[in-house]
Amino acid sequence: MNDIAFLGLVEVGKKIQSGSISSLEVTELILNRIDNIDEIHSAYALVMKESAISDALSADAEIQSGNIRGPLHGVPVAVKDLCDTAGVVTACGMPMFSNRIPSKDSTVVARLRSAGAVIIGKLQMTEGALAMHHPNITPPVNPWVSDRWSGASSSGSGVSVAAGLTYGSLGSDTGGSIRFPSLCNGIVGLKGTWGRVSRAGVFPLSDTLDHVGPMARKVEDVAAMLGAIAGYDELDPTTLPNQVPNYLFEIEKGVKGLKIGIDHTYISDGVDSQISGAANSCADILALSGADIVEFTMPSTKDAIKGWVPLCVAEAVISHRDTYPKQADDYSETLSGFLQAGQEVTGAEYAEATILRRELTGAINTLHQDIDLIITLTMPQPIPTVDEFAKIGEDAEAVENLIKYTSVADLTGNPTISLPAGFDDNGAPIGIQLMGRALEEDILCRAGDVFQKESNWEKNIPTRN
């Protein structure tokens, strides 16, 4: 049965919907694994055992009657603990919110339920979705190499999937927090276009930078999840009204005829050779599969990335204005210092960051007139150890280097997908990233699926399972 825990979401969904195994059996398997091994991984903030079993029984009854809602029907999934769940604690990685019980589901949770998914629990995260976990919370542990960073802030979302404790998860991404934990845990993470997925009922870090998206073992899995949660939401006026494609159907089109850009200097300057080599291998695989690989020059991103900090810290002040500084003693020193810095951002600094952001957005949009996708990286260096990462926040230059590749798409709102691309000399995962045009997540999934199948990384399972 443990082999079933490491199937892809779509794959196990087909088994459930065909009747070869029940949703209840799969749900109980995952719940038993959480009981037995999550004390090692610390991925869950809260397990919703009773409601998950009830939802699995309901899913089985519907499926047996011939009412199959879609690829997620009956499949256990979990959500980052900043997505409101009705009647269930949503603590956002903050002990001060341990009694915060929303009265209604966030839109993404409601849409997962509508798709028939079984919500199995809430996943651990950093404090307020910033970089570090609160001192009173045990951080999730990387299942590949235990002393390596598990990714922020959707750490539990990444660890739970990699460790076979759920088939798919939701994360959020402000500077890279879907893609970092996807890289660190050797899974796939999809950050859609800003506005593609509703943020209603999702606790914010930075309203104009935040994205919500799926994480899973396979590209087809995140495609299925995005199809369930994407689309206009009247509760979030920033959502886009554009029609949501059938991403799973679109995957079958492959990459033949796509123009995929690569800037060899951009992916190699200051980059570990193992990682730049993985990006070059991606270009080779996509070329052999029919894509047209185009060399281009990436526009300068450095100034705009510097602007990410004042944008994020200033907007975080708004997110926490009901509790900070009024309850400052309940915040860690890290988050408190971050919010204090936000209060000190001037209007001119915020305006300058906004101008730089718009200029980068325009440059990237111009680039995408001729190129469908860009091959880029998630991080320039191997995954840091937990101790090494703890020191990064003390060095502004180190922070900028960390988010060099991820923050670009948070600033511009372009969709991106993080893909597993092998392992470094220490046995820790390597990842790469593809970035596409706004609202063309389908093309990202097509290319990502080709790369993942040809490189075969989706079959890797952590030994500590």
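Everything discussed here concerns the structure shown above.
This text gives an overview of the structure that appears in the document. Remember, it's a predicted structure, so these values are computed and weren't measured experimentally.

### Side note on the environment of Ile275
One can find Ile275 in helix α10 (residues 273–288). Classification of Ile275 by relative accessible area gives buried; the value is 5%. In this structure the C-alpha to C-alpha distance between Ile275 and Met379, which are 104 residues apart in sequence, comes to 8.2 Å. Not counting residues up to four positions away in its chain, the partners in contact with Ile275 are Leu377, Met379, Pro380, Gln381, Pro382, Ile430 and Gly431.

### Things to note about the packing of aromatic side chains
To describe a pair of aromatic rings, you give the distance between the ring centres and the angle between the ring planes. By the definition in use, this model includes six aromatic pairs. Consider the rings of Trp149 and Phe389, whose centres lie 4.2 Å apart with planes at 15°: the pair is stacked. Remark: Phe389 occurs in helix α14 (residues 386–392) and Trp149 occurs in the loop between β3 (118–123) and α6 (155–162); sequence separation between them is 240 residues. Residue classification places Trp149 among the buried positions, given a relative accessible area of 7%. On the basis of relative accessible area, Phe389 is assigned to the buried category, the value being 7%. A ring pair is formed by Tyr324 and Tyr331, whose centres lie 5.2 Å apart and whose planes are at 75°; its orientation type is edge-to-face.

### Looking at helix α8 (residues 219–229)
Burial analysis of α8 places ten of its eleven residues in the buried class, the great majority of the element. Within the span of α8, buried status applies to Val219, Glu220, Asp221, Val222, Ala223, Ala224, Met225, Leu226, Ala228 and Ile229. Positive backbone phi, at 120°, marks Gly231, one or two positions downstream of α8.

### Re the layout of surface pockets
Space inside the largest pocket adds up to approximately 730 Å³. If you trace the largest pocket, you find 31 residues lining it, with Leu130, Ala131, Phe338, Gly393 and Val399 closest to the centre. Secondary-structure elements contributing two or more residues to the lining of the largest pocket are α11 (302–319), α12 (333–343), α14 and α15 (396–402). For the lining of the largest pocket, the class distribution of residues is 20 nonpolar, eight polar and three charged. When its volume is computed, the second largest pocket comes out at roughly 410 Å³. Looking at the second largest pocket, it is lined by 17 residues, and the ones nearest its centre are Thr301, Lys302, Ile305, Asn401 and Lys404. Elements that contribute at least two residues to the lining of the second largest pocket include exactly α11 and α15. At three residues, the largest contribution of residues to the lining of the second largest pocket is made by α15.

### Brief notes about the side chain of Ser198
Relative to the helices and strands, Ser198 is located in the loop between β5 (188–191) and β6 (211–216). What makes Ser198 buried here is its relative accessible area of 0%. A polar contact is formed between the side chain of Ser198 and the backbone nitrogen of Ala200, at a distance of 3.1 Å. Setting aside chain neighbours within four positions, we find Ser198 in contact with Thr107, Val108, Val212, Asp233, Asp236 and Thr239.

Reading guide: rules and limits
Residues numbered from 1 in each chain as written. Predicted model: local features only at pLDDT ≥ 70, side-chain atom pairs only at ≥ 80, totals over all residues. Heavy atoms only, no water. Helix = DSSP H or I, 4+ residues; strand = E, 2+ residues; numbered from the N terminus. Buried < 20%, exposed > 50% of the residue type's maximum accessible area, 1.4 Å probe, protein only. Contact = heavy atoms within 4.5 Å. Phe/Tyr/Trp six-rings, centres within 6.5 Å; stacked < 30°, edge-to-face > 60°. 1 Å grid on protein atoms, 1.4 Å probe; cavity = no way out; pocket = protein on both sides within 12 Å on 5 of 7 lines; lining within 4 Å. Points joined across faces, edges and corners; volume = space filled by probe spheres on them. Nonpolar A, V, L, I, M, F, W, Y, C, P; charged D, E, K, R; others polar. Polar contact = N/O pair within 3.5 Å; in protein donor to acceptor, adjacent residues only side chain to side chain.

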